[in-house]
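Structure at a glance
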Amino acid sequence: MRARLEMIARQRGMGFHLTEATCYLTADLFYLEVVLLPYGGVEEVKVAPHGKSPVPSESLLRLLRSKDFEEFSVKLAALFTQYNIPGDGETRLKLFSSMQWLWNDLEQISQLPSVPKDSDPRVDMINYGRSGCLMAGKEDSPMTIQFHTAPTDGTETSDRQESLVQAARVTVGVSEAAHRLQMASLLPQPPQLDPQGHPVFLSLAEAPHETLPACFLLKLQPAVPMTVAFVNRLSQITGVAIPHVDLQWAPLPKLLTGRSLGSNLPGEPPDGQDTVSTVHVPGGAAHRYVLLAAAWDVPAQRAAAVHSIPFTHPAHVAALLQLLRHQSAVNTLLRSCVGPPGDGAGSVCDLHLEVLPESETSFSVTFQRPDVDSLAVLLVNVRDANQITCTLFGSGIVDPSVDEHLSCVMKKSVSVPATLKTLHGKLREELSSAPIRPATAEGVKDPSSATVTEPDGGPTAGPEGGLAASGSARCAASVAQSELLCEINASPAGDSYPLALAEVFPLPDQ
C-alpha cells in the first residue's frame, strides 16, 4: 500500500512523506493523510486544506479499501486540480480564500426560500434554483452547480439530447486583466431578498476585497454550444470579456452533432452540406429532418462551444445560469432533430421535415399536411428556458386550442419529434372528425405578424414594422391559403437576465 501511494503521488506531481503508520501526500495548498493498519489495510483518509484541520474523506477511503488505485489516482488528480491555483505563494492564498468566500455565499443563496415550480424537488432546484442544484464544495471535491436538465422523450436519440444534467464547477483562474475579488462575504446578515425575489448583495466597494490578476470561473461540464448573441450577453452580465479568438466558430447544428471542426467521420456530411437525420419515435414511426446548410451558416447562427465563463461577483451567477438554461433549451430542441451519422439509412419515414432558423431563439419546422398536397409550418419560439411557444400555420383546420396544446407538449417533452408526432396525430383526428373551413381572403393572415424573440427578450422587427417570421412559414401559408390559428404573443418579454451586475456594480479596475 505504501509503495502504491508513493507511486501515485509522484505521478501526480505531489510530495510523499512517511511516518510509522501514516502516509502524507502533499501539495502547496492541501495534503492527504492516509492512516494505515499494521497488516497493510487503510484505517482512515483525511484531506487538509491549507490552514485548516484534516477532515475525513469517505470517498477516498472507500477507493483505497477496495484497492481501486486507478480511480483513486483519478480522484487525486481532480483534487490536485481543485487546489492548483495559479500565482505565487501569497497570491495563491488570497485566491484560495476568495474562492472559499464565494462558495460560502452561493451556499447561503441556495438556502433562501423560493416558490417551487416543479413537482420534483431536485428538478426544481436544477432548472429554477437561483444557484441551481448546488453540491457544496468540500475538502475532497469542488463546488458544482447543476443548472439544466431536460426529460427524455422516448425516442431512440434521447441519450443524445441534454437529458443528462448540465453542470458547472465553480473555481478560480488567471486573467490577463486584474479584477477585484471578494475577501469576505458579500451578503448582508441575515441574507435578504429584494421585492422581486432576488438576493440582496453588497458591492465589492462595500466589503473587503483584493485586486488580483484572476477571476472566478464556471467550468461547464460538458461545454455548451452558444451563439454569438448569447456569448456577448455573458460578457454584458459579468463585465469580463470572453475573447472570441479563443473560440472556434461553426454553424450551431454542426456543434450539436458533436462533430469536431474541419473533420468528417464516416456517414457525416462534408462541411457545407445539409444535415439529414432520421429520428425514430415511439410506436415505430420515423421522422426525417433536414437542416439546410445555407440557412444555418449565417452570422446569427454561428456558435462556439463555451468551456468556461469568467465572473467576479456571486450575484452574477443567477443571471449566468438563466442565460445558460436559455441556450441549453434551444440546443435540446435542435438536438432532438439530429440523429447519429448514418442512423436510419434506408428507413421508411412517416414525416419529412425541414428545420430553418428564424432568430437565435426561434426556428420553424415545415412538413406536408396529411390531408392534401400542401405544406404546414410549426414556428417554435424559445423565449427562455421555461417559456416555449408553438404557432401553427397552414394547417387547414379551425381549433384555437391547437397552439396552446402543442406548446404544452413541447415544454413538457422538450422534443421536436415528440411534438410533431402529437401534431400529426391531432391533424389526422381533426380532419377525420371536422370539416375543413375554406380559406377566404378575409380569413388569411400573414404569418409575419408572429413574434420571435432575441436572447435579450425583445422581438425581432419584420417588414413594414411587423415582426419577422420564416420565409417558409409565409410560403406555407400561401400554398395552403389557410388562416393563422393563433399568433404568438406579440408583447416583448421582460428582461430575462435582470442581474446584469456589471452595470449595477461598476468595476473600474476591469
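The numbers attached to residues start from 1 for each chain and follow its sequence in the written order. Totals for whole chains, interfaces and linings use every residue, but because this is a predicted model, local features are given only for residues with pLDDT of at least 70 and side-chain atom pairs only at 80 or more, for both listing and counting. Side-chain figures throughout are based on the complete set of non-hydrogen atoms in the structure, without hydrogens or water.

1. Thoughts on the sheet that holds strand S15 (residues 362-368)
The test is simple: Strands qualify as paired when DSSP identifies two bridges or more between them. Secondary structure elements are defined from DSSP: runs of H or I of at least 4 residues count as helices, runs of E of at least 2 residues count as strands, and each element is numbered from the N terminus. Where helices are involved, their axes are fitted lines through C-alpha atoms of the stretch in contact, as for all axes, and angles between N-to-C directions lie from 0 to 180°. Note on contacts: a residue pair is in contact if any heavy atoms of the two residues lie within 4.5 Å.
Taken together, six strands build an open sheet; the order of strands is S11-S12-S14-S15-S16-S17 and the sheet is mixed. Strand pairing shows two members of the sheet lacking a second neighbour, strand S11 (275-280) and strand S17 (387-393), which therefore form its edges. Neighbour to neighbour, the strand axes of the sheet diverge by 25° on average, direction disregarded. Taken together, the six bridges between strand S14 (residues 351-359) and S15 define a ladder with antiparallel strand orientation. Counted as the bridge partner of Glu-354 is Thr-366 from S15. Seen against the sheet, helix H9 (residues 316-335) touches S14, S15, strand S16 (375-384) and S17 and runs at an angle of roughly 155° to S16. Packed on one face of the sheet, helix H10 (residues 402-413) meets S16 and S17 and runs near 135° to S17.

2. What to know about the sheet that holds strand S2 (residues 22-26)
Taken together, the five strands give an open sheet; going across it, the order is S1-S2-S3-S4-S5, and neighbouring strands pair in antiparallel fashion. The sheet is open, and its two edges are formed by strand S1 (15-18) and strand S5 (55-56), each paired on a single side. Relative to S5, strand S4 (residues 42-49) is paired through two bridges, and the arrangement is antiparallel. When the sheet's bridge partners are listed, Val-47 is paired in S5 with Val-55. Sitting on the sheet, helix H1 (residues 2-11) is in contact with S1, S2 and strand S3 (30-36), with an inclination near 155° to S1. Each of S3, S4 and S5 touches helix H2 (residues 58-65); the most contacted strand, S4, lies at about 145° to it.

3. Let's talk about the layout of surface pockets
Over the atoms, a rolling probe the size of a water molecule traces out where space has been left empty. Where we set the bar: In this analysis, the protein atoms alone were mapped onto a 1 Å grid. Cavities are point sets where a 1.4 Å probe fits without being able to get out; pockets are open sets with protein on both sides within 12 Å along at least five of seven lines; lining residues have an atom within 4 Å of a point. Grid points are joined across faces, edges and corners, and a volume is the space filled by probe spheres set on the points. Side-chain classes follow a simple rule in which Ala, Val, Leu, Ile, Met, Phe, Trp, Tyr, Cys and Pro form the nonpolar group, Asp, Glu, Lys and Arg form the charged group, and the remainder, Gly included, forms the polar group.
Estimates place the volume of the second largest pocket at around 500 Å³. Put simply, the parts of the chain that give the lining of the second largest pocket at least two residues each are strand S8 (166-182), strand S9 (209-227) and strand S13 (302-311). Broken down by element, the residue count for the lining of the second largest pocket peaks at six residues, all from S8. Among the residues making up the lining of the second largest pocket, the classes are represented as twelve nonpolar, seven polar and two charged.

4. Notes on the packing of aromatic side chains
Note the cut-off: Here is the rule: rings of Phe, Tyr and Trp (six-membered ring for Trp) pair when centre to centre is within 6.5 Å. Planes less than 30 degrees apart are stacked, more than 60 are edge-to-face, and the remainder are tilted. Throughout, exposure labels follow a simple rule: accessible area from a 1.4 Å probe, protein chains only, divided by the maximum for the residue type, with under 20% read as buried, over 50% as exposed, and the rest as partly exposed.
Summed over all chains, the structure comprises four aromatic pairs. Plain terms: the ring middles of Tyr-24 and Tyr-31 are 6.1 Å apart, the flat faces sit at 55° to each other, and that makes the pair tilted. For Tyr-24, a relative accessible area of 24% translates into the label partly exposed. Of the residues examined, Tyr-31 reaches a relative accessible area of 27% and is grouped as partly exposed.

5. Details of the pattern of salt bridges
Convention followed: For salt bridges, the criterion is a side-chain nitrogen of Lys or Arg within 4 Å of an Asp or Glu carboxyl oxygen.
The final tally for this structure, using the stated rule, is six salt bridges. For the salt bridge of Arg-10 with Glu-6, the shortest nitrogen-to-oxygen distance reads 3.6 Å. Of this pair, Arg-10 and Glu-6 both sit in helix H1, separated by four residues, roughly a single helical turn. Owing to a relative accessible area of 33%, Glu-6 belongs among the partly exposed residues under this scheme. Salt-bridge contacts for Arg-302 lead to Asp-297; the nearest nitrogen and oxygen are separated by 2.9 Å. Connected through salt bridges with shared partners, the residues Glu-90, Lys-94 and Glu-210 form a single ionic network.

6. Quick notes on the pairing of S2
Across four bridges, S1 lies against S2 in antiparallel orientation. Directly across from Phe-16, in S2, lies its bridge partner Leu-25. Counting the residues between successive antiparallel strands, the hairpin from S1 to S2 contains three residues. One ladder, built from five bridges, connects S2 with S3; its direction is antiparallel. From the neighbouring strand, Thr-22 faces S3, where its bridge partner is Val-35.

7. Observations regarding the nonpolar core
What counts is decided by this rule: We call a set of buried residues a nonpolar core when its members are Ala, Val, Leu, Ile, Met, Phe, Trp, Tyr or Cys and they connect through side-chain atoms within 4.5 Å of each other.
Formed by 66 residues in total, the largest nonpolar core has its most connected members in Leu-32, Val-34, Phe-72, Leu-106, Ile-145 and Val-170. Not counting residues within four places of it along the chain, the set of residues in contact with Ile-145 comprises Leu-106, Ser-131, Gly-132, Cys-133, Leu-134, Gln-166, Ala-167, Ala-168, Val-170, Leu-218, Val-317 and Leu-321. Within the second largest apolar cluster, 37 residues are counted, among which are Leu-256, Val-279, Ala-303 and Val-380.

8. Examining empty space enclosed by the protein
The tally for this structure, following the rule as stated, stands at two cavities of 30 Å³ or more. Forming the walls of the largest cavity are eleven residues, and the residues nearest its centre are Ile-109, Arg-130, Pro-199, Phe-201 and Ala-318. The class makeup of the residues in the lining of the largest cavity is nine nonpolar, one polar and one charged. In this structure, the second largest cavity encloses a volume near 40 Å³. As for the second largest cavity, its lining consists of Leu-252, Trp-296, Gln-301, Val-330, Leu-334, Ser-359, Glu-360, Thr-361, Ser-362 and Phe-363. Secondary-structure elements contributing two or more residues to the lining of the second largest cavity are H9 and S15.

9. A short note on helix H4 (residues 89-110)
Rules: A helix is expected to span 1.5 Å for every residue after the first.
Its 22 residues place the ends of H4 32 Å apart at the C-alpha level, agreeing with the 32 Å of an ideal helix rising 1.5 Å per residue. All buried positions along H4 are accounted for by Thr-91, Arg-92, Leu-95, Phe-96, Ser-98, Met-99, Leu-102, Trp-103, Asp-105, Leu-106, Gln-108 and Ile-109.

10. So, the confidence of the model for the chain
How we decide: pLDDT expresses, on a scale from 0 to 100, how confident the predictor is about each individual residue.
Scored by pLDDT, the chain has a mean of 81; 77% of the residues are at 70 or more. Confidence drops under pLDDT 50 across residues 461-470; counting only partners more than four residues distant or on other chains, this segment forms 27 contacts. Overall, residues 499-510 carries pLDDT values under 50, and its contacts beyond four positions in sequence, including any with other chains, amount to 34 contacts.

11. Concerning the packing of H2 against helix H3 (residues 69-83)
Heads up, the rule is: Working rule for angles: under 35 degrees goes down as roughly parallel, over 145 as roughly antiparallel, 65 to 115 as roughly perpendicular, anything else as oblique. Each crossing gets its handedness from the near helix: less than a right angle anticlockwise from the far helix is left-handed, clockwise is right-handed.
Across the interface, H2 lies against H3 with an axial gap of 8 Å and an inter-helix angle of 150°. Taken together, the axes of H2 and H3 lie roughly antiparallel to each other. The interaxial crossing formed by H2 with H3 has left-handed handedness. Residues Ser-59, Leu-60, Leu-63 and Leu-64 of H2 touch H3, and the partners they reach there are Phe-69, Glu-71, Phe-72, Lys-75 and Leu-79. In terms of residue class, the contact of H2 with H3 is built from six nonpolar, one polar and two charged.

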